[in-house]
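What the coordinates show
Here is how the chains run, residue by residue.
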Amino acid sequence: MKLYTKKFAAALFTIFITGVGQMVTAQEVQFSQFYASSLYLNPALAGVENDFTVNSNFRSQWISSSSSQITTQLSAIMPLYASSGRKGLMGGVGLGLFTDGSGAGGAMRQTGFRASYAYSFGLDNDLHRFSFGAQAGFTQRAIDANAQWGSQYVNGNYDPNLIPDNVGVNNRVSHGVFNLGAFWSFNPARNYYRAGTSGYSGIAIGNLNRPNVSLTDNGTDQLPVVIKYHGGLELHGTRRFNFGPQVLVAATQGHGNQINAGISANYKLIDNPFGLLGNTDLLFSGWYRVGNGVIAAVGISNATYTLGFSYDLTTSSLGNYNNGNGAYEICLLYTSPSPRDRTR
């Protein structure tokens, strides 16, 4: 078994390198705690939850500058079972809602929803699990009709009587979106008597329909195709402590790329299944966003609730435009134990 585990770790490391190397240049805005906003990351993740889950993220970025941005999301996943018992898991459905506002007073805003379906199956008595997902959604992008435009400023002073230069600009535009994803996990139950490690590898392709999001009359501004690769290992250290590397690559056609590489760890604070705080874990993670910033996150988790907090600090020249401010993010996840857990 140890030899098999070493081979698996080497294979997954190869997948890491291959996945990163094949990404086209890109960048896309995303949550720091992307693992807590799974439907936003990869629609295939709708098919890996054993229980009904609800999660939310609140992210506040550069709040004291004119380029501030606040992003929130709320999503839920319902697992689908083909028969009794966890081995009957055949996928899941998910629904996510999000809103994103940027600029002074949220002058530019987008809101939308995403509906996901994923089919999943296991091999080798569920030591390996595969999931394939599709996602369709709707987004509305809008700008504040009362925003102050550059042509209404004279010598730095705003004059509302001047005609703004927003002629031909629509206040809002709506479009659909279609995404696909695939996901593979090894030892998803984290049974370390069976294997000394667990891990995952996934890929998602977004904006396959290339919608036109231009806010100007007869304008063309198609959203580029986005490719995301994510993978990770969890190594079993002791009975209470596990840790492992993780990576996320977000690639957008025609734009740069974003690579997040880091390590996560969890320590079992309360090692018994009883009481409100039964089986409580402390969570820690640190990330380096290549060429741009660092992220630190902490959290606490049990079988029902997970609460996380992260801070994202910009280390590139972008920090000159946001007064050195970073972004903080709070996530909350609720898991409702399956009736199967209570009857088995």
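Residues numbered from 1 in each chain as written. Predicted model: local features only at pLDDT ≥ 70, side-chain atom pairs only at ≥ 80, totals over all residues. Heavy atoms only, no water.

Focus: the overall build of the protein
Along the protein, the regular secondary structure elements total three helices and 16 strands. Of all 344 residues assigned to the protein, the portion counted as buried reaches 43%. Surface summary for the protein: the accessible area is close to 17600 Å², and the carbon and sulfur share equals 61%. (Helix = DSSP H or I, 4+ residues; strand = E, 2+ residues; numbered from the N terminus. Buried < 20%, exposed > 50% of the residue type's maximum accessible area, 1.4 Å probe, protein only. Areas by Shrake-Rupley, 256 points an atom, 1.4 Å probe, with all protein chains shown as cover.)

Considering the pairing of strand β12 (residues 257-270)
Summarising the sheet, strand β11 (residues 241-252) and β12 pair through 11 bridges and their orientation is antiparallel. What sits directly across from phenylalanine 243, in β12, is alanine 265. Hairpin connection, β11 to β12: the antiparallel pair is bridged by four residues, and glycine 254 has positive phi, about 85°. (Pairing = 2+ DSSP bridges.)

Here's the deal with the pattern of salt bridges
Within this structure, the stated rule accounts for seven salt bridges. Here arginine 59 makes a salt bridge to aspartate 312, at a shortest N to O gap of 3.6 Å. Taken together, the positions of arginine 59 in strand β1 (residues 52-61) and aspartate 312 in strand β15 (residues 305-314) put the pair 253 residues apart, joining distant regions of the chain. On the basis of relative accessibility, which here comes to 4%, the residue aspartate 312 falls in the buried class. (Salt bridge = Lys/Arg side-chain N within 4 Å of Asp/Glu carboxyl O.)

Details of the confidence of the model for the protein
Of the residues in the protein, 74% reach a pLDDT of 70 or more, and the chain-wide mean stands at 80. Across the protein, element-level confidence peaks in strand β9 (residues 197-206) with a mean pLDDT of 96 and bottoms out in helix α1 (residues 2-21) with 38. In the predicted structure, residues 1-28 sits below a pLDDT of 50 and forms 68 contacts with residues beyond four places in sequence or in another chain. Scored below 50 in pLDDT, residues 149-153 shows 19 contacts in the model against residues more than four places distant or in partner chains. (pLDDT = per-residue confidence, 0-100. Contact = heavy atoms within 4.5 Å.)

Thoughts on the pairing of strand β14 (residues 293-301)
Burial of β14 is one-sided: the residues Gly293, Ile295, Ala297, Gly299 and Ser301 facing one way are buried, the residues Val294, Ala296, Val298 and Ile300 facing the other way are not. Here strand β13 (residues 280-289) folds back onto β14 in antiparallel fashion, the turn holding three residues, of which glycine 291 has a positive phi close to 75°. Strand direction decides the pairing type here: β14 and β15, joined by nine bridges, are antiparallel. Following the sheet pairing, glycine 293 is matched in β15 by threonine 314. The antiparallel pairing of β14 with β15 creates a hairpin that spans three residues between the two strands.

Brief notes about the environment of phenylalanine 186
Topologically, phenylalanine 186 is positioned in strand β8 (residues 172-186). Separated by 47 residues in sequence, phenylalanine 186 and leucine 233 place their C-alpha atoms 9.2 Å apart.

As for the packing of aromatic side chains
Counted under the stated rule, the structure contains 12 aromatic pairs. Ring geometry for phenylalanine 34 and tryptophan 287: centres 5.2 Å apart, planes at 75°, overall edge-to-face. Placement of phenylalanine 34 in the loop between α1 and α2 (38-41) and of tryptophan 287 in strand β13 is noted, with a sequence separation of 253 residues between them. Take phenylalanine 34 and tryptophan 287: they sit in the same class, and that class is buried. (Phe/Tyr/Trp six-rings, centres within 6.5 Å; stacked < 30°, edge-to-face > 60°.)

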